[in-house]
Amino acid sequence: MKACGLIVEYNPFHNGHVYHLEEARKKTNSDVVIGVMSGNFLQRGEPAIVDKWHRAEAALKSGMDLVLELPYVFAVQHADLFAKGAVLTLDSLRADTVVFGSELGDIDPFIQSYQQYKQKEEDYKTILQEFLRKGYSFPEAGRKAYKYIGLKSDHLDLTQPNNILGFSYVKAIFDEKKTMKPETIRRTKSGYHDQEIKQDIASATSIRNEILKTMEIQEPVKDSIPPATYHLLTEYKKKSGMFHHWEPYFPYLQYKVLTTSIANLQAIHGMEEGLEYRLKKTVKQARTFQHWMELIKTKRYTWTRLQRMFVHLLTNTTSEEINTIQSQHEAPYIRVLGMTEKGRTYLHSQKKDTAPPLLSQLQQGTHPFLEIEEKAADSYYLPVQRSKQIELRKREVGPPIIISHT
């Protein structure tokens, strides 16, 4: 069976994701589509609007065959490490192709840019550090360093969010010497950061904005998501009493900073360049999470970087726990969130030759990263009413979702 892989977050799964999935299947002529999906916390440092189980089920009911969890230690990271974790996971199940959405829609410039980057990689790293020392944020320093080594925006525009992620996927495939082939599909209709829903294919950002305005699923959200997503969003709201966003976590973060020593704050992943002192200085002034972010944000500390730091603070994840991923060249394990019958058949066909442990339940594994997953699950459900929280948390140690009618 031929498999193609998609690297996804599905926050939430919408019509644009259906288009991506169907086009990927057609473009690669694949029998099976495998999604590697971030768990309850996402690459840009946000809690997902609903938990990973409901997002995975929406994808499976809308055409995906197999959903694997991207380990937390890779998921809440900058683009290169996020890409590395996803590529290692897909490679462990021998996906033939990785298909990503991009503003460009043509794979050749990505590959040519990678070849050019490799010729000047040491120059890139040197220049990157120089820009970081000058106080530029990591994304801005990276863009400037790419430009310095000759990666021109008229060839591949690395200011565009999906092109940036796509370039990271291509780098990860070739740097890790994986045999899978990268492919891309042009994003259609909506932009990644579009704030408002303007058509039936809308950005996840605009869909979340609309949902969080009223905490209900109303028009025009209904028109921009498949029926399965509508049903599962509604079901999660009924089960939990909420949709997740940063504000309900504010008291927990505030408590954490107020009661934690500077030395212990310094150990948290992402707590760099004196950020711990800035948190201590502003914690008593902050009225909301949004207000706190505005108080601590500077040119050096981007919004995304601060959000990722707050996720690690909430989950009490230290640099010591997470820094080993730099030297990781194989997936630590494969955790299955859900599958269709076709996905199960593919998984069974690969089982004998799969090197990393294949986990259908959390307790089957003993890897240190799985302990971090447990902390992430506990942290994610904190704002949910306690009785409902206990019920939702049980899912974490249960079996994967199996969709038998797809």
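Since the structure is predicted, the reported quantities are computational estimates derived from the model, not experimental observations.

So, how was this worked out
- Residues numbered from 1 in each chain as written.
- Predicted model: local features only at pLDDT ≥ 70, side-chain atom pairs only at ≥ 80, totals over all residues.
- Heavy atoms only, no water.
- Helix = DSSP H or I, 4+ residues; strand = E, 2+ residues; numbered from the N terminus.
- Contact = heavy atoms within 4.5 Å.
- Phe/Tyr/Trp six-rings, centres within 6.5 Å; stacked < 30°, edge-to-face > 60°.
- Buried < 20%, exposed > 50% of the residue type's maximum accessible area, 1.4 Å probe, protein only.
- Lys NZ or Arg CZ within 6 Å of the ring centre and 35° of its normal.
- Expected span 1.5 Å × (residues − 1).
- Pairing = 2+ DSSP bridges.
- Right-handed = clockwise from strand over helix to strand, strands pointing away.
- 1 Å grid on protein atoms, 1.4 Å probe; cavity = no way out; pocket = protein on both sides within 12 Å on 5 of 7 lines; lining within 4 Å.
- Points joined across faces, edges and corners; volume = space filled by probe spheres on them.
- Nonpolar A, V, L, I, M, F, W, Y, C, P; charged D, E, K, R; others polar.

1. Some thoughts on the environment of Ala 48
Mapped onto the elements of the fold, Ala 48 is located in the loop between β2 (32–38) and α2 (52–60). For the pair Ala 48 and Ser 38, spaced ten residues apart in sequence, the C-alpha separation works out to 8.9 Å. Ala 48 has contacts with Asn 11, Gly 39, Asn 40, Leu 42, Arg 55, His 244 and Tyr 380, leaving out every residue within four places of it along the chain.

2. Points about the packing of aromatic side chains
If you walk through the whole model with that rule in mind, you get 19 aromatic pairs. Considering the side-chain rings of Tyr 117 and Tyr 124, the 5.4 Å spacing of their centres and the 75 degrees angle between planes classify their relative orientation as edge-to-face. Each member of the pair, Tyr 117 together with Tyr 124, is buried. Three or more aromatic residues joined by ring pairs form one cluster here, namely Tyr 114, Tyr 117, Tyr 124, Tyr 146, Phe 167 and Phe 174. Lys 171 extends its terminal NZ or CZ atom over the ring of Tyr 117, reaching a point 4.9 Å from the ring centre. One cation-aromatic arrangement involves Arg 395 over Trp 53; the distance from NZ or CZ to the ring centre is 4.4 Å.

3. What about helix α8 (residues 161–175)?
For an α-helix, the turn length of 3.6 residues means that residues three or four places apart are oriented alike. Under the 1.5 Å per step criterion, the end-to-end length of α8 is 21 Å for 15 residues, consistent within 8% with the ideal 21 Å. Across the 15 residues of α8, twelve count as buried, placing the element largely inside the fold. Where α8 is concerned, the buried positions are Pro 161, Asn 162, Asn 163, Leu 165, Gly 166, Phe 167, Ser 168, Tyr 169, Val 170, Lys 171, Ala 172 and Ile 173. Here the buried face of α8 lies against β1 (3–8), α4 (79–92), β4 (97–102), α5 (107–119), α7 (138–148) and β5 (181–186). Phi turns positive one or two residues past the end of α8, at Lys 177, with a value near 55 degrees.

4. Focus on the pairing of strand β6 (residues 334–340)
Burial runs high along β6: seven of the seven residues are buried. Bridging between β6 and strand β7 (residues 358–359) involves two bridges; their strand directions are parallel. Its bridge partner lying in β7, Ile 334 is registered against Leu 358. Crossover β6 to β7 through helix α18 (residues 341–350) is right-handed. Here β6 pairs with strand β8 (residues 401–403) via three bridges, running parallel. Residue pairing in the sheet places Met 339 in a bridge with Ile 402 of β8.

5. Let's talk about empty space enclosed by the protein
Under the criterion given, the structure shown has two cavities of 30 Å³ or more. Here the largest cavity defines a volume of roughly 60 Å³. The wall of the largest cavity is formed by Gly 39, Asn 40, Phe 41, Lys 52, Glu 69, Tyr 72, Ala 75, Val 76, Glu 373, Ala 376 and Ala 377. For the lining of the largest cavity, the secondary-structure elements that each account for two or more residues are α3 (72–75) and α19 (368–380). In terms of residue count, α19 provides more of the lining of the largest cavity than any other element does, three residues in total. For the lining of the largest cavity, a count of residues per class yields six nonpolar, two polar and three charged. What lines the second largest cavity is simply Pro 12, Phe 13, Val 50, His 54, Arg 55, Ala 58, Thr 229, Leu 232 and Leu 233. Mapped by element, the contributors of at least two residues to the lining of the second largest cavity are α2 and α11 (227–240). Within the lining of the second largest cavity, the residues separate by chemical class into six nonpolar, two polar and one charged.

6. Concerning the environment of Gly 35
Tracing the sequence through the fold places Gly 35 in strand β2. When its relative accessible area of 0% is taken as the criterion, Gly 35 is described as buried. For the pair Gly 35 and Ile 7, spaced 28 residues apart in the sequence, the C-alpha separation amounts to 5.9 Å. If we skip the residues at most four places from it in the chain, Gly 35 touches Leu 6, Met 64, Leu 66, Val 67 and Leu 68.

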